[in-house]
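Structural description and commentary
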Amino acid sequence: MTASTNPISPVAIPLDDQNLEEQRWLERLVGPEWARLIKGVLTNPLSISGLVIILGFILVATFAPVLAPPPDANWDTTLIPRDGFGPEPKPPGAAWRKSAPGTIPFWYTPLTGHEEWVHLWGTTSGQYDIYYGVIWGSRTALTIGGIVVLSSALIGIIIGATAGFYGGWVDEILMRVVEIFIAFPFLVGALILASILVPIMGRSIWPASIALIVFGWTGYARLLRGDILATKERDYVQAARAAGATDLHLIVRHILPNAIFPTLVVLSLDMGAIVLSFAALSFLGIGVQEGYTDWGQIVSFARSFILSLDQYWYIIVYPGMALLLYGLGWNLVGDALRDILDPKMRGKR
Amino acid sequence: MTAYIIRRLLILPLIMVGVSMLIFAMMQILGPVERSALYIRDFPKTQGQIDAVIRRYGLDDPFFKQYWSWLVGREDPETGNTIGGILRGDLGFSRTGREPVIDLLKRRLPITIELALVSMVPIITIGVWLGMQAALHHNKPIDQFARIFAILGYSFPTFVFGLLVLLIFYAKLGWFPPGRLSTQFALEVGRGGFTNYTNMLTIDSIMNRRFDIFLDALRHMVLPVITLSYLSWALLLKVTRSSMLEALRQDYVTTARAKGLSERVVTNRHVRKNALIPVATIAGTTVASLLNGVVITETIFNIPGLGSAAAAAALSLDVMTMLAYALFTAVLFVSVNLLVDIMYAVLDPRVRLG
């Protein structure tokens, strides 16, 4: 099926000279595949909005100390400052009495009209400040996403590459192991492992992160195995092999770079999905301790007020929107990448 | 194809052994003393009690010996009776449910199945229908709407979505309450006059000829069903859309059009049939997302099904209940995937011959 036999959408529009020039410049720098990828992501409105959202979160995470200053210089910034211990959540705008941020940044008074710190987005029960939690939660989200996704991808790539490259019984055994791990619905497996790890490791980001890695690598392994099976018989690989290249050299220099593109799609989709799963575990009460700067952990306070959510809407809405936007950003980019890399979609919109 | 099916069936027991070993290995992360605490029901746990339990259940045996005992049971050194053994149907005692795990499964499973089955209705009708409309009107407003709808669907964490619909439709508007039944009916169902045939309220109420209870049960299911199915709609919509788009590009569709067939006939006979084959294959993914989803959904809406039992068990380290849920989901998920693969091979000659 080629573009010319396609009755629905016409063949790609020829590029004008300037575009062509631009593309050549990019191509020389990063190669044709990457050039197409970068160009595709930067010209698709959906992926541009995704990139803007992600960039926004990176900026918020970077400037968190200016946006939500901690109470004092020695404060552990992953803990939300609490204004007393009262069980009743306070609505947005309530005065901040104890452990308020130590400084008042330049933007605060002009934007909010307050001279002193107030709870901009209210507090949860236990008086954890929601605004602080959501702002610093972007650091947690990006950290978790980075750690879990990179570790799962690395494990998956190594196992998938080994299985695909060596084939035979190595492949058979490794793929059966993969099948055992994917027999569990992802969240169920992670939930069980994380809850067992909590009493051993204590409450932190690690039990849930490790559980997500243990059940998260299989997707990469299957994907890469398939890619490698498709690439390893290509002429250039055979040529390198004949020239005496070692297995490792073959995999790392000749096979991986050409098999890596579909992995990128999953990587970006996972950056969002993993953080949502982590938040779901926190919401159920598995993983981080109470008061940790984690969006799911903040939302979990709403569980005590199921029948009066209209009164305490701010406990769900602010961290919930942060989660939705974060997931949306990565999904938009991941979806666009998939469309660009799908050979069936080439030259089409 | 027969060879393929036989091969898959032969691998199945192997996978199940692996799965049960993985589940058991996860439990072994806890040391013997920690696990012994799971058997002693009354406080305080003295050192003597702990040692007795470790000895009685062989908690410090080598891994494979313990695994074997877990599978087929173990002779009690005091009484000589066989204790435990998941193959004998003894899944242990649920601390959070305060009953044997097997009873908990029997009582709670129908509730979860009912929720999942009702959720399948919007998942399939809305997901497939919207996906087909989107593909047939490619790049038109309905397509753009469907795409945004889908991408929002899998960006929305289930728990946030569930709490938001609860906030709007219960707390603000008062339309659909959480739980399973209104209080007056719940009391009635607990009493003698109402027979629980299946533990599924919708079916039981009809069998008891109580249509008021039936309607009340349905009203309580609206929000959990929306919450549970939203993610899967989105997924099904996406797959249906791209599968339809691909089918529309095939040569046989051009041929059908060239023959002068009406667009309606082309869509119904040539496109839809072929497009829906790949859609059937995500049944496995749908089941998985339902199994993930019920944990969160049942917890939020206070539904006493298996999912909320698993969440409660995980929170208080009720290992026996957790293992049972893991085992249950794994068996179900593997079987569904096997069925789907076989069905795929039967339905699609390209797979069968390829």
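Residues numbered from 1 in each chain as written. Chains lettered and ligands numbered in written order. Predicted model: local features only at pLDDT ≥ 70, side-chain atom pairs only at ≥ 80, totals over all residues.

Here we look at the overall build of chain A
The helix and strand tally for chain A stands at 15 helices and 2 strands. Principal-axis analysis of the C-alpha atoms places the extent of chain A at approximately 75 × 55 × 40 Å. Split into buried and exposed, the 349 residues of chain A put 45% on the buried side. Of all intrachain contacts in chain A linking residues separated by at least 6 positions in sequence, the fraction that spans at least 24 positions is 73%. (Helix = DSSP H or I, 4+ residues; strand = E, 2+ residues; numbered from the N terminus. Buried ≥ 20, exposed ≤ 12 C-beta atoms within 10 Å, placed from the backbone. Contact = placed C-beta atoms within 7 Å.)

Details of the overall build of chain B
A tally of helices and strands in chain B yields 16 helices and 4 strands. In terms of overall dimensions, chain B has a C-alpha envelope of 85 × 55 × 35 Å along the principal axes. Burial statistics for chain B: of 354 residues in total, 37% are counted as buried. By sequence separation, contacts in chain B at least 24 residues apart represent 65% of the contacts at least 6 residues apart.

Observations regarding unusual backbone geometry
Residues and elements named next belong to chain B. Residues other than glycine seldom take positive phi values, yet N139 does so here, at roughly 65°. Among the secondary structure elements, N139 is positioned in the loop between helix 5 (101-136) and helix 6 (141-155). For N302, which is not glycine, the phi dihedral falls at a positive 60°. By the element assignment, N302 lies in the loop between helix 13 (283-301) and helix 14 (306-315).

Brief notes about the confidence of the model for chain A
Summary statistics for chain A give a mean pLDDT of 83 and a share of 91% for residues scoring 70 or more. The model gives residues 1-10 of chain A a pLDDT under 50, and that stretch makes 10 contacts with residues more than four places away or in other chains. (pLDDT = per-residue confidence, 0-100.)

Quick word on the interface of chain A and chain B
Between chain A and chain B, the contact holds 47 residues from the first and 46 residues from the second. For the side of chain A that touches chain B, the secondary structure elements donating two or more residues are helix 7 (168-181), helix 8 (186-201), helix 13 (261-284) and helix 15 (313-341) of chain A.

Let's talk about the environment of V331 of chain B
Considering the arrangement of structural elements, one finds V331 of chain B in helix 15 (residues 319-347). When the C-alpha atoms of V331 of chain B and M16 of chain B are compared, they prove to be 7.4 Å apart, with 315 residues separating the residues in sequence.

Considerations on the nonpolar core
Residues A190, L191, A194, V299 and I316 of chain A together with L163 and A326 of chain B are the most contacted members of the largest nonpolar core, which totals 183 residues. Among the elements that take part in this core, helix 10 (residues 211-248) of chain B stands out by supplying 18 residues, more than any other. (Core = buried A, V, L, I, M, F, W, Y, C linked by C-beta atoms within 7 Å.)

Digging into the packing of helix 15 of chain A against helix 7 (residues 158-172) of chain B
Here helix 15 of chain A crosses helix 7 of chain B at 140°, and the two axes come no closer than 10 Å. By the angle between their axes, helix 15 of chain A is oblique relative to helix 7 of chain B. In the crossing of helix 15 of chain A with helix 7 of chain B, the sense of the turn from one axis to the other is left-handed. Residues W313, I316, G320, L323 and L324 of chain A of helix 15 of chain A form the contact with helix 7 of chain B, whose own contacting residues are V160, L163, L164 and L167 of chain B. (Axes fitted to C-alpha atoms, helices over the stretch in contact; angles between N-to-C directions. Parallel < 35°, antiparallel > 145°, perpendicular 65-115°, else oblique. Left-handed = near helix turned anticlockwise from the far one by under 90°.)

Things to note about the packing of helix 7 of chain A against helix 1 (residues 2-28) of chain B
Close contact between helix 7 of chain A and helix 1 of chain B brings their axes to 9 Å; oriented N to C, the two are set at 60°. In this structure, helix 7 of chain A meets helix 1 of chain B at a crossing whose hand is right-handed. The segment helix 7 of chain A lies against helix 1 of chain B, with R176, E179 and I180 of chain A engaging L14, I15, G18, V19 and L22 of chain B. Class assignment of the residues belonging to the contact of helix 7 of chain A with helix 1 of chain B gives a composition of 5 nonpolar, 1 polar and 2 charged. (Nonpolar A, V, L, I, M, F, W, Y, C, P; charged D, E, K, R; others polar.)

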